[in-house]
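Residue-level structure breakdown
Residue strings, one per chain:
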Amino acid sequence: MIPGLISIVVPVYNAEAWLGRCVQSIQAQTYTMWELLLIDGASQDGTPALCEAWRKRDDRIRYFRSEKNLGVSHGRNTGLKEARGEFFFFADADDWLQPDCLSRLYEEIQEKGVSIAGCGFERCSDRDWEEAYKPPERAYARKLTAGEDFLAEGILKQDTRCWGKLYRRELLKGHFFKEDYTIGEDMLFLWETAREAEMVSSSEYPGYCYYYNISGAMLRPFRPSDMDQIRCWQFVLTKIRSENEEAAGNGAKMPYGSEIIQKTASILLISCMLTVGKFSALSMRERRAHAGLRQQCSQTVKETLKIEGAYAGLDGGYRLKVGLYRRLPNLYISLYGLMKKLAGRRRRASGRQDGSTKS
């Protein structure tokens, strides 16, 4: 371990179009004591040549290439094993950092008891990069949360991102990303590490620029791996309920209150509906091929609705969706699929009227 060194782990795969700005933003950091680990999952485009060129020009950049594309979690785990720094920072290959991102986080993690320091993020476009977007100069709120409370005060309030955070090395010992998950693995990693932290610092300063890629994973048509967003919240719900049961059996105070269980269950219901929404875009033939997965969604919804407060914790729109889907799943999928098709036609028609060339 090298004291003060920040190890920045960036998994890459066919990232030729975006990786340059990510690397350039790291090289522009006002905090200069860093190493960049580019973990290449067997890219088939010009990514390997770019990574080799950067490695030769900047000795702070290290390049690792695997023979197979084993996914982003494998890349991050490789970085955890190979890194030499006292601190870890994760970034995605198509994102970039504001110049003072690392320096701000480094300053915050120096505070006594802070094991994780995170910043906010801004959804950014190609134009934002080209125009060198900078956050407004103003004071940004910052919150300190006990690690044991971060599930309630962070993750269940939508701070589920492993990236954009600085972690102390000792906190991550024995922790790795679950490589059998493709969605939600970062939330699980964050939860399992944060719960062991003394304190987590969360700043609203948008030092991380999240590239909103219209062809990104969350916008692709349904794939079986989309079930992972259900599996990950099932994992959390099962874990916290079992820990409560164990504590009760030992006559100890239960670590998680009913409101946490209710909120987690509500998020699980939302994850089911998001997955069903993607399922609805499939053709009838594809739906039949994945009928077993749809049945899993239905069963999860039914079981989760048995948890007191799970349904009540949804907003009005999701209550309507869950209620209809629970009673008439096939009708819901057909109607939702039809609505998505009509909305797509309106967007395309609007694009033609505006002279847009996007499909």
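Above this note sits the structure.
Calculation criteria
- Residues numbered from 1 in each chain as written.
- Predicted model: local features only at pLDDT ≥ 70, side-chain atom pairs only at ≥ 80, totals over all residues.
- Heavy atoms only, no water.
- Helix = DSSP H or I, 4+ residues; strand = E, 2+ residues; numbered from the N terminus.
- Rg over C-alpha atoms; globule rule 2.2 N^0.38 Å.
- Buried < 20%, exposed > 50% of the residue type's maximum accessible area, 1.4 Å probe, protein only.
- Contact = heavy atoms within 4.5 Å.
- Areas by Shrake-Rupley, 256 points an atom, 1.4 Å probe, with all protein chains shown as cover.
- Lys, Arg positive; Asp, Glu negative; His and termini not counted.
- Charge placed at Lys NZ, Arg CZ, Asp CG, Glu CD.
- Salt bridge = Lys/Arg side-chain N within 4 Å of Asp/Glu carboxyl O.
- Arc of directions from axis to C-beta.
- Pairing = 2+ DSSP bridges.
- Axes fitted to C-alpha atoms, helices over the stretch in contact; angles between N-to-C directions.
- Core = buried A, V, L, I, M, F, W, Y, C linked by side-chain atoms within 4.5 Å.
- Phe/Tyr/Trp six-rings, centres within 6.5 Å; stacked < 30°, edge-to-face > 60°.
- Lys NZ or Arg CZ within 6 Å of the ring centre and 35° of its normal.
- 1 Å grid on protein atoms, 1.4 Å probe; cavity = no way out; pocket = protein on both sides within 12 Å on 5 of 7 lines; lining within 4 Å.
- Points joined across faces, edges and corners; volume = space filled by probe spheres on them.
- Nonpolar A, V, L, I, M, F, W, Y, C, P; charged D, E, K, R; others polar.

What follows is about the overall build of the chain. Helix and strand counts for the chain come out as 13 helices and 11 strands. Taking 21 Å as the expected radius of gyration for a compact globule of 359 residues, we find that the chain reaches 22 Å, a close match to that expectation. In terms of its C-alpha atoms, the chain occupies a principal-axis envelope of roughly 65 × 60 × 45 Å. Split into buried and exposed, the 359 residues of the chain put 50% on the buried side. Of all intrachain contacts in the chain linking residues separated by at least 6 positions in sequence, the fraction that spans at least 24 positions is 81%. Accessible surface, the chain as shown: approximately 18,500 Å² in total, 50% of it carbon and sulfur. Each charge class in the chain was averaged separately, 53 positive and 47 negative side chains, and the resulting centres sit 8 Å apart.

According to the stated counting rule, one finds 21 salt bridges in the structure shown. Salt bridges sharing common partners tie together Glu-35, Arg-62 and Arg-84.

Right, let's talk about helix α2 (residues 47–57) for a bit. Buried within α2 are the following residues: Thr-47, Pro-48, Cys-51 and Trp-54. One face of α2 carries all of its buried residues, which in axial projection span an arc of 130°. For α2, the exposed residues lying more than 90 degrees away from the buried face are Ala-49, Lys-56 and Arg-57. Those residues of α2 that are buried lie in contact with β1 (2–12), α1 (19–27), β2 (34–40) and β3 (61–65).

Sheet architecture is open: 3 strands sit in the order β5-β11-β7, paired in mixed fashion. The strands lining the two open edges of the sheet, one partner per strand, are β5 (96–97) and β7 (121–124). Relative to strand β11 (residues 208–211), β5 runs antiparallel, the two being bridged by 2 bridges. Paired with Leu-97 across the strands is Tyr-208, a residue of β11.

Backbone hydrogen bonds are what pair the strands of a sheet, in a parallel or an antiparallel way. Spatial ordering of the open sheet is given by β3-β2-β1-β4-β9-β6-β10-β8, a layout of 8 strands whose pairing is mixed. One side of each edge strand has no neighbouring strand; the edge strands of this open sheet are β3 and β8 (142–146). Recorded for the sheet is a direction-independent mean angle of 20° between the axes of neighbouring strands. Sheet topology places strand β6 (residues 114–118) next to strand β10 (residues 199–203); 4 bridges connect them, and they run parallel. Residue pairing for β10: Val-114 is matched across the bridge by Met-199.

Val-10, Leu-19, Leu-38 and Phe-89 are the most contacted members of the largest nonpolar core, which totals 91 residues. When residues of this core are assigned to their parent elements, the largest contribution, 10 residues, is made by helix α9 (residues 258–279). Once residues within four sequence positions are removed from consideration, Leu-19 is found in contact with Val-10, Val-12, Leu-38, Thr-47, Cys-51, Trp-54 and Ala-93.

Among the secondary structure elements, Leu-171 is positioned in the loop between β9 (165–168) and α7 (185–194). Given the relative accessible area of 9%, Leu-171 is considered buried. C-alpha separation for the pair Leu-171 and Ala-197, spaced 26 residues apart in sequence, amounts to 6.8 Å. Not counting chain neighbours up to four residues away, the residues in contact with Leu-171 comprise Ser-115, Ile-116, Thr-193, Glu-196 and Ala-197.

Next up on the list: the packing of aromatic side chains. In this description, a pair of aromatic rings is defined by centroid distance and the angle of the planes. Counting across every chain of the model gives 17 aromatic pairs. Each member of the aromatic cluster is reached from another via a ring pair, and the members are Phe-90, Tyr-167, Phe-177 and Phe-189. Just above the ring of Tyr-211 sits the side chain of Arg-21; from NZ or CZ to the centre is 4.4 Å. Here the guanidinium or amino end of Lys-81 rests over the ring plane of Phe-176, the centre of that ring lying 5.8 Å away.

Turning next to empty space enclosed by the protein. Going through the model one piece at a time under the given rule, you end up with 1 cavity of 30 Å³ or more. Empty space within the largest cavity amounts to approximately 30 Å³. Along the walls of the largest cavity sit Phe-222, Met-227, Thr-275, Val-276, Phe-279, Leu-293, Arg-294 and Cys-297, which together make up its complete lining. Elements supplying a minimum of two residues to the lining of the largest cavity: α9 and α11 (291–304). Of the residues in the lining of the largest cavity, the class split is 6 nonpolar, 1 polar and 1 charged.

Let's shift gears to the pairing of strand β4 (residues 85–90). Across the 6 residues that make up β4, a large majority, 6, are buried. Pairing between β1 and β4: 5 bridges, direction parallel. Note on β4: the bridge partner recorded for Ile-8 is Phe-89. In this sheet, β9 lies alongside β4 in antiparallel orientation, the contact comprising 3 bridges. Pairing of Phe-89 across the sheet is with Leu-166, part of β9.

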